[in-house]
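# Descriptive structure summary
Listed below are the residues making up each chain.
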Protein chains: 2
Amino acid sequence: MLSASAKTVARLSLYRRILTDCAARGVRSIYSHELAQTLQITATQVRRDLMVVGFSGSPNKGYDVEALLGSISTVLDRAGGEQVALVGVGNLGRAILSYFQGRYANLNVAAAFDQDPALHGRLIHGLTIQPMTKLSEVVAANGIYTAILTVPASEAQRVVEELIRAGIRGILNFAPLTLRVPEHIYIRTVDIAMKLETVAFFARQDAAREVYEA
Amino acid sequence: MLSASAKTVARLSLYRRILTDCAARGVRSIYSHELAQTLQITATQVRRDLMVVGFSGSPNKGYDVEALLGSISTVLDRAGGEQVALVGVGNLGRAILSYFQGRYANLNVAAAFDQDPALHGRLIHGLTIQPMTKLSEVVAANGIYTAILTVPASEAQRVVEELIRAGIRGILNFAPLTLRVPEHIYIRTVDIAMKLETVAFFARQDAAREVYEA
DNA sequence: ACTAAGTCGTGAAACCGTTCACGATGTGAA
DNA sequence: TTCACATCGTGAACGGTTTCACGACTTAGT
Ligand SMILES: NC(=O)c1ccc[n+]([C@@H]2O[C@H](COP(=O)([O-])OP(=O)(O)OC[C@H]3O[C@@H](n4cnc5c(N)ncnc54)[C@H](O)[C@@H]3O)[C@@H](O)[C@H]2O)c1
Ligand SMILES: NC(=O)c1ccc[n+]([C@@H]2O[C@H](COP(=O)([O-])OP(=O)(O)OC[C@H]3O[C@@H](n4cnc5c(N)ncnc54)[C@H](O)[C@@H]3O)[C@@H](O)[C@H]2O)c1
């Protein structure tokens, strides 16, 4: 069993994106420092990450693009493609649905759920919105164990529990709160307001530095 | 000049959210371990962060909620409120606009820009969409130095350069690529596809662990 | 065949953020 | 008043991640 940190896995995903692009442009091989430069990290970092997946390059040729793509995909991808459920088809949920439809070969939003009866049966970005009562059934039938959560914060904890009961084990949460989940559930929260506040803070700091220094 | 890491600033934003809620519920004081539990971090971590902002609590009373709120806000907030521009009013941009309108007292999306002439002058979630040619003028007039970037990846680098030329110093980018910016510009990228891939990976790992262990 | 140049793989060091551990401090009960 | 107790503030230890540094390797050119 491969043991990679979340940071390494995240970078592997980025390497793959670059490599896919290289392959499409007909580039056959690539050096660690080229990958590094594109992502603004160090070449050593790239080599470390590839070491984790057990891939070897060769001096003077670098890494074979096709082979590395295959190697990373073996690590990251689920056979048959990753099927994902989206729960909460509001403003953000819709944006995400539209974004993922058909964009990634191995990453497919396969079902969308919402509590609102007015949405049930409606076709949005290629998916028919289903009621929450269908969750367990659809998740089981499609072999889904990853979900995107875009419901209001006030509902999120309750919905997470429904998801887990339905067999979901990985959750990408957009509601701005810390969710309580059992040990074996993997959950990551994307807190946009917090990120924006952080950006604003450092933008201001840099401004101040410019003002007071030099 | 206060020197806090990005992680500390991010957590300060989360502390504030909790404290605001406490204040609204009439809670007068709070212990580090209570804040910690809500965010699923350690009490020591909380105390360290508050040390950075120079705030002191007292044994047996903990931290005064109102005073701490004030102290964090002094650090995080810009006098008069942070004004933010959003560039790229597509699916994601609209969702973000609708989310931020009137939700945060000190964090206001004050202007929205798009290249598409069909959108110019249209009122979306309370804002009139402006052409890119107005960028410099509006940014300067409103004292904006933070922007949310939700344009297609193919446009992002070019647009970032426009933003910087217009005086923007902090950027929250949603386009899935690494942008090249000068040293003094603070930029954070939220890569949703990468995050989702990471979640799917670890959800699968945990499944495997369950399968092979025990 | 040998040398020069450049990259790879990786042990060790450096770095940063988190956690431990404990003395200091303030509070309430006896 | 004094003691027992819970929490605070923080130096030191720890752990994970990144970077350094260098030997091994491959290839191109002479
Ligand atoms: N829109 C953004 O840009 C943005 C930014 C930051 C955070 N968020 C967070 O993302 C989440 C969604 O935001 P949004 O703007 O799309 O909100 P929204 O109100 O537009 O959509 C929420 C959707 O969830 C559905 N829903 C409510 N309760 C449900 C339940 N119990 N089960 C299933 N579905 C349920 C609603 O019917 C609605 O369709 C919120 O938690 C919000 O805080 C959004
Ligand atoms: N929608 C999502 O959930 C999602 C998820 C992950 C990443 N993203 C990224 O976020 C970005 C926006 O996604 P979206 O789904 O909203 O796309 P979209 O196509 O719906 O919207 C893009 C908007 O940007 C505008 N635009 C294009 N070029 C411009 C320019 N040069 N200057 C100003 N405006 C310009 C377009 O007119 C359009 O309104 C993309 O980079 C996408 O990859 C979106």
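Everything numeric here is computed off the predicted structure, so don't read it as measured data. (Residues numbered from 1 in each chain as written. Chains lettered and ligands numbered in written order. Predicted model: local features only at pLDDT ≥ 70, side-chain atom pairs only at ≥ 80, totals over all residues. Heavy atoms only, no water.)

## What about the overall build of chain A?
Counting secondary structure elements, chain A contains eight helices and nine strands. Contacts spanning at least 24 positions in sequence make up 57% of the contacts within chain A whose residues lie at least 6 apart. With 22 positive and 19 negative side-chain charges, chain A shows a spacing of 3 Å between the two charge centroids. (Helix = DSSP H or I, 4+ residues; strand = E, 2+ residues; numbered from the N terminus. Contact = heavy atoms within 4.5 Å. Lys, Arg positive; Asp, Glu negative; His and termini not counted. Charge placed at Lys NZ, Arg CZ, Asp CG, Glu CD.)

## A short note on the pairing of strand β3 (residues 82–87) of chain A
A regular strand places its side chains so that they alternate between the two faces of the sheet. Residue and element names in this part refer to chain A. For β3, the buried fraction is high: six of the six residues fall into the buried class. What you see with β3 is no split at all: E82, V84 and L86 on one side and Q83, A85 and V87 on the other are buried throughout. The pairing of β3 with strand β4 (residues 107–114) spans six bridges and is classified as parallel. For A85, the partnering residue across the bridge sits in β4 and is A111. (Buried < 20%, exposed > 50% of the residue type's maximum accessible area, 1.4 Å probe, protein only. Pairing = 2+ DSSP bridges.)

## Concerning the relation of the copies chain B and chain A
Between chain B and chain A, the superposition needs a rotation of 180° and an axial shift of 0.0 Å, giving an RMSD of 0.0 Å. Within this description, the copies of the chain are treated as partners about a two-fold rotation axis. Interface overlap between copies: 100% of the residues of chain B at the interface are likewise at the interface in chain A, consistent with a symmetric, same-surface contact. (Least-squares fit on C-alpha atoms with pLDDT ≥ 70 in both.)

## Some words on the protein's contact with DNA strand C
In the vicinity of DNA strand C, 26 residues are found, and the nearest of them are S32(A), R48(A), G57(A), Y63(A) and N60(B). Considering the 4 Å shell around the protein, atoms of DNA strand C inside it are sugar or phosphate in 57% of instances. One of the side-chain N or O atoms of R11(B) is found 2.9 Å from a phosphate oxygen in DNA strand C. At the level of elements, α2 (32–39) and α3 (43–52) of chain A together with α1 (6–24) and α3 (43–52) of chain B are the ones that each hand at least two residues to the surface near DNA strand C. Looking at the surface near DNA strand C residue by residue, the class counts come to six nonpolar, 13 polar and seven charged. (Near = heavy atom within 4 Å. Polar contact = N/O pair within 3.5 Å; in protein donor to acceptor, adjacent residues only side chain to side chain. Nonpolar A, V, L, I, M, F, W, Y, C, P; charged D, E, K, R; others polar.)

## Comments concerning the environment of D206(A)
In this structure, D206(A) sits in helix α8 (residues 192–212). Once you skip the residues sitting within four places of it in the chain, D206(A) turns out to touch H184(B) and Y186(B).

## A look at the layout of surface pockets
The space that makes up the second largest pocket amounts to roughly 1,000 Å³. Lining the second largest pocket are 40 residues, and of these Y99(A), R103(A), P152(B), A153(B) and P176(B) sit closest to its centre. Of all the secondary structure elements, the ones that give two or more residues to the lining of the second largest pocket are α1 (6–24) and α5 (91–100) of chain A together with α5 (91–100), α7 (153–165) and α8 (192–212) of chain B. Taken together, the residues that form the lining of the second largest pocket break down as 21 nonpolar, nine polar and 10 charged. (1 Å grid on protein atoms, 1.4 Å probe; cavity = no way out; pocket = protein on both sides within 12 Å on 5 of 7 lines; lining within 4 Å. Points joined across faces, edges and corners; volume = space filled by probe spheres on them.)

## Examining the protein's contact with DNA strand D
In the region of DNA strand D, 26 residues are neighbours, and S32(B), R48(B), S56(B), G57(B) and Y63(B) sit closest. Sugar and phosphate atoms represent 60% of those atoms of DNA strand D found within 4 Å of the protein. A distance of 3.4 Å separates a sugar or linking oxygen of DNA strand D from a polar atom in the side chain of N60(A). Between a base oxygen of DNA strand D and a side-chain N or O atom of R48(B), the distance comes to 2.5 Å. Secondary structure elements with two or more residues in the surface near DNA strand D: α1 and α3 of chain A together with α2 (32–39) and α3 of chain B. Residues belonging to the surface near DNA strand D are distributed by class as follows: six nonpolar, 13 polar and seven charged.

## Thoughts on the sheet that holds strand β9 (residues 186–189) of chain B
The strands making up a sheet associate through backbone hydrogen bonding, with each pair oriented either parallel or antiparallel. Residues and elements named next belong to chain B. With mixed pairing, the seven strands of this open sheet are ordered in space as β5-β6-β4-β3-β7-β8-β9. Of all strands in the sheet, those bounded by a partner on one side alone are β5 (123–124) and β9. Where strand β4 (residues 107–114) and strand β6 (residues 127–131) come together, three bridges link them in parallel fashion. Opposite D114, over in β6, you have P131 as the bridge partner. Across the sheet, helix α6 (residues 135–142) is in contact with β3 (82–87), β4 and β6; its angle to β4 comes to roughly 165°. Sheet strands touched by α7: β3, β7 (146–149) and β8 (170–173). Its angle to β7, the strand with the most contacts, is close to 165°. (Axes fitted to C-alpha atoms, helices over the stretch in contact; angles between N-to-C directions.)

## Digging into the site of ligand 2
Inspection of the region around ligand 2 gives 22 residues, with N91(B), L92(B), D114(B), V151(B) and E155(B) positioned closest. N91(B) has a polar backbone atom sitting 3.0 Å from an oxygen atom of ligand 2. Here ligand 2, which alone exposes 830 Å², has 86% of that area covered by the protein. Those elements that provide at least two residues to the shell around ligand 2 are α5 of chain A together with α5 and α7 of chain B. Taken together, the residues of the shell around ligand 2 sort by class into 14 nonpolar, five polar and three charged. (Areas by Shrake-Rupley, 256 points an atom, 1.4 Å probe, with all protein chains shown as cover.)

## So, the interface of chain B and chain A
Listed as interface residues are 65 residues of chain B and, on the opposing side, 65 residues of chain A. Between chain B and chain A, roughly 5,800 Å² of surface is buried when both sides are summed, and carbon and sulfur atoms account for 67% of that area. Area buried by chain B at its contact with chain A is led by L196(B), E197(B) and R204(B), which between them contribute 11% of it. Scanning the region where chain B abuts chain A turns up six salt bridges. One salt bridge in this structure joins R204(B) and E82(A), with 3.1 Å as the shortest N-O distance. Inspection of the region where chain B meets chain A yields 20 residue pairs in polar contact (both at pLDDT 80 or more). Per-element tally for the side of chain B that touches chain A: the top contributor is α8(B), with 18 residues. (Buried area = accessible area lost by both parts, 1.4 Å probe. Salt bridge = Lys/Arg side-chain N within 4 Å of Asp/Glu carboxyl O.)

By themselves, these are just geometric observations and shouldn't be taken as functional.
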